[in-house]
Amino acid sequence: MQEFYQHIFQKQQAVQDMPSNKRIGQWAIALLHLLFPERSSSNFSAVKDVEEAFKQSELDLYELLLKTKACGTCDIKRISQEFFEQLPHVYETMLTDAQSIMDGDPAAKSLNEVIRTYPGFFAIAIYRLAHELHKQEIPLIPRILTEHAHSKTGIDIHPGAKIDEYLHIDHGTGIVIGETTVIGKHVKLYQGVTLGALSVEKNLANTQRHPIIEDHVIIYAGTTILGGETVVGHHSVIGGNVWLTASIDPYTTVYHQANSKFIDSKPIK
């Protein structure tokens, strides 16, 4: 047992300090509440209060990066400033996601409902924040953010994925979007969709391993699309439970042909 204790102690000494996952998640949620007051009950009495709140969020990000030992060589002041300079653009993109869900889901009654209650919107919004930090090559924090959303929604989006505007995630549970996935505009994903790698060999880490989904594509529930050379052409429809590992042309419909049998049965008494 003494050797075991020594081993754990040595591991603790080697761990790089950084804020807790909870604290990182709290920062992102607070920022979402600033961007979308529909998600919270807080109110501001003046524009100046809003400005100060965003400045505080920027300071909070700076402190998170400052306390992350792996960011020791990062220009964290520049990164924090650039992140918040990009925030209006990120916000506008988030609004397109909400609008896409609103337009595409007959059950959605208002943008307020989408923003406040839809797990798809929440997961996409957290991804968009994480992706901005990922582009700055910030270690760990982007992945912690998307895994926080994953734990809340069942939607797993890697912060390295490149996703254009108007993404619609319907229901969402079980969706997986891999690191090098590229998704165009006006794409709609149903639950259980996997955009994954055809091979998981470690030497392929820096290559295009995940599919490219072009504009105006609909992918229905339970479908798996794999491979870095797989391109789904624009305006295509992929039916439920399809397994796809080859590219398809634009305006293509792919469907899984089920071999279901129906047998008459006596009613249960």
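Residues numbered from 1 in each chain as written. Predicted model: local features only at pLDDT ≥ 70, side-chain atom pairs only at ≥ 80, totals over all residues. Heavy atoms only, no water.

Draft legend 1. Representation of a nonpolar patch on the surface within the structure. On the surface, Met-1, Phe-4, Tyr-5 and Ile-8 cluster together into a nonpolar patch covering about 440 Å² of accessible area. Relative to the helices and strands, Ile-8 resides in helix H1 (residues 2-14). With a relative accessible area of 31%, Ile-8 lands in the partly exposed category. (Patch = residues over 30% accessible without salt bridge, like charges linked within 9 Å, V, L, I, M, F, W, Y side chains within 5 Å. Areas by Shrake-Rupley, 256 points an atom, 1.4 Å probe, with all protein chains shown as cover. Salt bridge = Lys/Arg side-chain N within 4 Å of Asp/Glu carboxyl O. Helix = DSSP H or I, 4+ residues; strand = E, 2+ residues; numbered from the N terminus. Buried < 20%, exposed > 50% of the residue type's maximum accessible area, 1.4 Å probe, protein only.)

Draft legend 2. Region of interest: the layout of surface pockets. Roughly 200 Å³ of internal volume is contained in the largest pocket. Surrounding the largest pocket, His-89, Val-90, Thr-93, Tyr-127, Arg-128, His-131, Glu-132, Lys-135, Lys-162, Ile-163, Asp-164 and Glu-165 form its lining. Sorting the residues of the lining of the largest pocket by element identifies helix H4 (76-104), helix H6 (119-135) and strand S2 (162-163) as the ones contributing at least two each. Counting residues per element, the lining of the largest pocket draws most heavily on H6, at five residues. (1 Å grid on protein atoms, 1.4 Å probe; cavity = no way out; pocket = protein on both sides within 12 Å on 5 of 7 lines; lining within 4 Å. Points joined across faces, edges and corners; volume = space filled by probe spheres on them.)

Draft legend 3. Looking closely at the sheet that holds S2. Here we have four strands laid out as an open sheet, ordered S2-S5-S8-S11, and parallel in their pairing. Where the open sheet ends on each side, the last strands, each with one partner, are S2 and strand S11 (231-232). (Pairing = 2+ DSSP bridges.)

Draft legend 4. Main features of the packing of aromatic side chains. Counting across every chain of the model gives six aromatic pairs. Seen in terms of ring centroids, Trp-27 and Phe-83 are 5.7 Å apart; in terms of plane orientation they differ by 50°. Their pairing is tilted. With Trp-27 in helix H2 (residues 21-35) and Phe-83 in helix H4, this pair connects stretches of sequence that are 56 residues apart. Residues Phe-36 and Phe-121 carry aromatic rings whose centres are separated by 5.3 Å and whose planes lie at 85° to one another, so their mutual orientation is edge-to-face. Highlighted residues: Phe-36 in the loop between H2 and helix H3 (47-66) and Phe-121 in helix H6, separated in sequence by 85 residues. Take Phe-36 and Phe-121: they sit in the same class, and that class is buried. What links up through ring pairs into an aromatic cluster is the set Trp-27, Phe-83 and Phe-84. (Phe/Tyr/Trp six-rings, centres within 6.5 Å; stacked < 30°, edge-to-face > 60°.)

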